[in-house]
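Geometric and topological summary
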Amino acid sequence: MEGRPETGPLLDLAVRAEGLGFDSVWVGDSLLARPRHDPLTLLAAAAARTQKVQLGTAVFLPALRNPVVLAHQLATLDQISAGRLVLGVGIASDVPNIRAEFAAAGVPFEGRVGRMMEGLRLARALWTGKPVDWEGRWPVEGGVLGPTPHRPGGPPIWLAGSVRPAFERAARHFDGWFANEASLARWTEQWAEVKVILRETGRNPDKFVAAMYLTFAIDEDSGRAEQRIDAFLENYYGQPAAVMRRRQAYYAGPAAGAAEFLRGFADAGASHMIVRFTGDHDRNLDTFTRLRADLGW
């Protein structure tokens, strides 16, 4: 997205993050709206360069893909990584450039929720390795997928969303909830809603992932940090920073405040923190390594 297409530095970052003790590395997904590398291809390369870190998508848009082809790709990637893949998924925001992306891919935007849900059900059926007969958008007659994923049943799926229907889908059908709610208070309320749904369906919240997606601009000069995060959000989303600040969790300021910001979500029940850095990535990795030590993580 920044006009630097070389993959070597990105793969080096993954290796360095693993060496520093981070638990996972993540990539985003977009065809045309936010130009970047294909996430599954990039993660396959990262899998070959790393040994332990989980490899995740934050977040992937299944509705843009044929689920039979996608199931094959994900099974192969899970084999390459020896079961380290985590599939973070979403339905995509309703903004003009993403609608245009769906149109360019020949996919109806209005039916994206149904396409995502059916497509993931079909992928999971194929991941069993047993013959699949499927009547729906993608008819399958006795289809057998090989190889199956390294992890029985396929990679865990975490669903993104900040509205009640997303909570229902995540809690009833998937392995985790992927949130980026702007405020800790609101996220705490939402997590309480998700846990109620989990218990209603007989699922244990302690075995369900509550993941947070957080954006950071670390700078001892708070004003400079605020300017940097505004510029980042506007460049990334093509919308006013004030709009995105109301939608997503972010922190701009000194490192000490960042630690407290993280601790707040962890204390409220977030089990995984997916951190997006603004600015120099190597410096940010070093800063967050110190923060994790201070937090005892």
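Structure: above.
Residues numbered from 1 in each chain as written. Predicted model: local features only at pLDDT ≥ 70, side-chain atom pairs only at ≥ 80, totals over all residues. Heavy atoms only, no water.

1. Quick notes on the nonpolar core
Formed by 67 residues in total, the largest nonpolar core has its most connected members in Trp177, Trp187 and Phe216. Apart from residues no more than four positions distant in its own chain, phenylalanine 216 is found in contact with Ile229, Tyr251, Ala258, Phe261, Leu262, Val275, Arg276, Phe277, Thr278 and Phe288. (Core = buried A, V, L, I, M, F, W, Y, C linked by side-chain atoms within 4.5 Å. Buried < 20%, exposed > 50% of the residue type's maximum accessible area, 1.4 Å probe, protein only. Contact = heavy atoms within 4.5 Å.)

2. Some details on the packing of helix H1 (residues 8-19) against helix H2 (residues 39-49)
One way to put it is that H1 packs onto H2 with a least axis distance of 9 Å and a crossing angle of 45°. Taken as axis vectors, H1 and H2 run oblique relative to one another. For the pair H1 and H2, the crossing hand works out as right-handed. The segment H1 lies against H2, with Leu10, Leu11, Asp12, Ala14 and Val15 engaging Leu42, Ala45, Ala46 and Arg49. Class assignment of the residues belonging to the contact of H1 with H2 gives a composition of 7 nonpolar, no polar and 2 charged. (Axes fitted to C-alpha atoms, helices over the stretch in contact; angles between N-to-C directions. Helix = DSSP H or I, 4+ residues; strand = E, 2+ residues; numbered from the N terminus. Parallel < 35°, antiparallel > 145°, perpendicular 65-115°, else oblique. Left-handed = near helix turned anticlockwise from the far one by under 90°. Nonpolar A, V, L, I, M, F, W, Y, C, P; charged D, E, K, R; others polar.)

3. Brief notes about the pattern of salt bridges
Under the definition given, this model contains 19 salt bridges. With a shortest N-O distance of 2.6 Å, glutamate 110 and arginine 99 are connected by a salt bridge. Taken together, the positions of glutamate 110 in the loop between helix H4 (96-104) and helix H5 (112-126) and arginine 99 in helix H4 put the pair 11 residues apart, joining distant regions of the chain. Residue arginine 99 is classed as partly exposed on the basis of its relative accessible area of 32%. Salt bridges sharing partners connect three or more residues here, namely Arg164, Glu168, Arg172, Arg186, Glu189, Glu193 and Glu200. (Salt bridge = Lys/Arg side-chain N within 4 Å of Asp/Glu carboxyl O.)

4. What to know about the environment of serine 222
Inspection of the secondary structure assignment puts serine 222 in helix H8 (residues 222-237). Judged by relative accessible area, which is 36%, serine 222 ranks as partly exposed. Sequence separation between serine 222 and proline 254 is 32 residues; the distance between their C-alpha atoms is 6.6 Å. With residues near it in sequence (within four places) discarded, serine 222 still touches Gly253 and Pro254.

5. What to know about helix H6 (residues 164-173)
Residues Ala166, Phe167, Arg169, Ala170 and Ala171 constitute the buried set of H6. Against H5, strand S6 (157-160), strand S7 (176-179) and helix H7 (184-200) lie the buried residues of H6.

6. Considering the side chain of aspartate 29
Within the secondary structure layout, aspartate 29 lies in the loop between strand S1 (24-27) and H2. Since its relative accessible area comes to 7%, aspartate 29 is described here as buried. In terms of polar contacts, aspartate 29 uses its side chain to reach the backbone amide nitrogen of leucine 61, at 2.9 Å. Here the side chain of aspartate 29 touches arginine 65 through a polar contact of 2.7 Å, side chain to side chain. With sequence-adjacent residues up to four places away left out, aspartate 29 is seen in contact with Arg36, Pro39, Val59, Phe60, Leu61 and Arg65. (Polar contact = N/O pair within 3.5 Å; in protein donor to acceptor, adjacent residues only side chain to side chain.)

7. Some points on the packing of aromatic side chains
The final tally for this structure, using the stated rule, is 19 aromatic pairs. Both rings, one in tryptophan 26 and one in phenylalanine 178, keep their centres 5.7 Å apart while their planes meet at 80°; by these two values the pair is edge-to-face. A residue pair is termed long-range when its members are at least 10 positions apart, and tryptophan 26 in strand S1 and phenylalanine 178 in strand S7 qualify at 152 residues. For the pair formed by tryptophan 26 and phenylalanine 178, the shared burial category is buried. Ring geometry for phenylalanine 261 against phenylalanine 265: centres 5.3 Å apart, planes inclined by 70°, an arrangement best described as edge-to-face. Of this pair, phenylalanine 261 and phenylalanine 265 both sit in helix H10 (residues 255-268), 4 residues apart, which is roughly one turn of that helix. Across the pair, exposure class does not vary: phenylalanine 261 and phenylalanine 265 are buried alike. Three or more aromatic residues joined by ring pairs make a cluster, and in this case those are Phe167, Trp177, Trp187, Trp191, Phe208, Phe216, Tyr251, Phe261, Phe265, Phe277 and Phe288. Positioned above the aromatic ring of tyrosine 236 is the side chain of arginine 276, whose terminal nitrogen or guanidinium carbon lies 4.7 Å from the ring centre. In this arrangement the basic side chain of arginine 292 is found over the ring face of phenylalanine 22, its NZ or CZ atom lying 4.8 Å from the centre. (Phe/Tyr/Trp six-rings, centres within 6.5 Å; stacked < 30°, edge-to-face > 60°. Lys NZ or Arg CZ within 6 Å of the ring centre and 35° of its normal.)

8. Structural notes on the environment of valine 107
Residue placement: valine 107 occurs in the loop between H4 and H5. Here valine 107 falls in the buried class, since its relative accessible area comes to 7%. Along the primary structure valine 107 and alanine 63 are separated by 44 residues, whereas in three dimensions their C-alpha atoms are 7.6 Å apart. Leave out the neighbours within four places in its chain, and valine 107 touches Ala63, Leu64, Phe102 and Arg115.

9. Overview of the packing of H6 against H7
Two elements in contact, H6 and H7, have axes whose closest approach is 9 Å; the angle formed by their N-to-C orientations is 45°. Between H6 and H7, the interaxial angle falls into the category oblique. At the point where H6 passes H7, the crossing takes the right-handed sense. Together, Arg164, Phe167, Glu168, Ala171 and Arg172 of H6 and Gln190, Glu193, Val194, Ile197, Leu198 and Glu200 of H7 make up the contact between the two elements. Taken together, the residues of the contact of H6 with H7 break down into 5 nonpolar, 1 polar and 5 charged.

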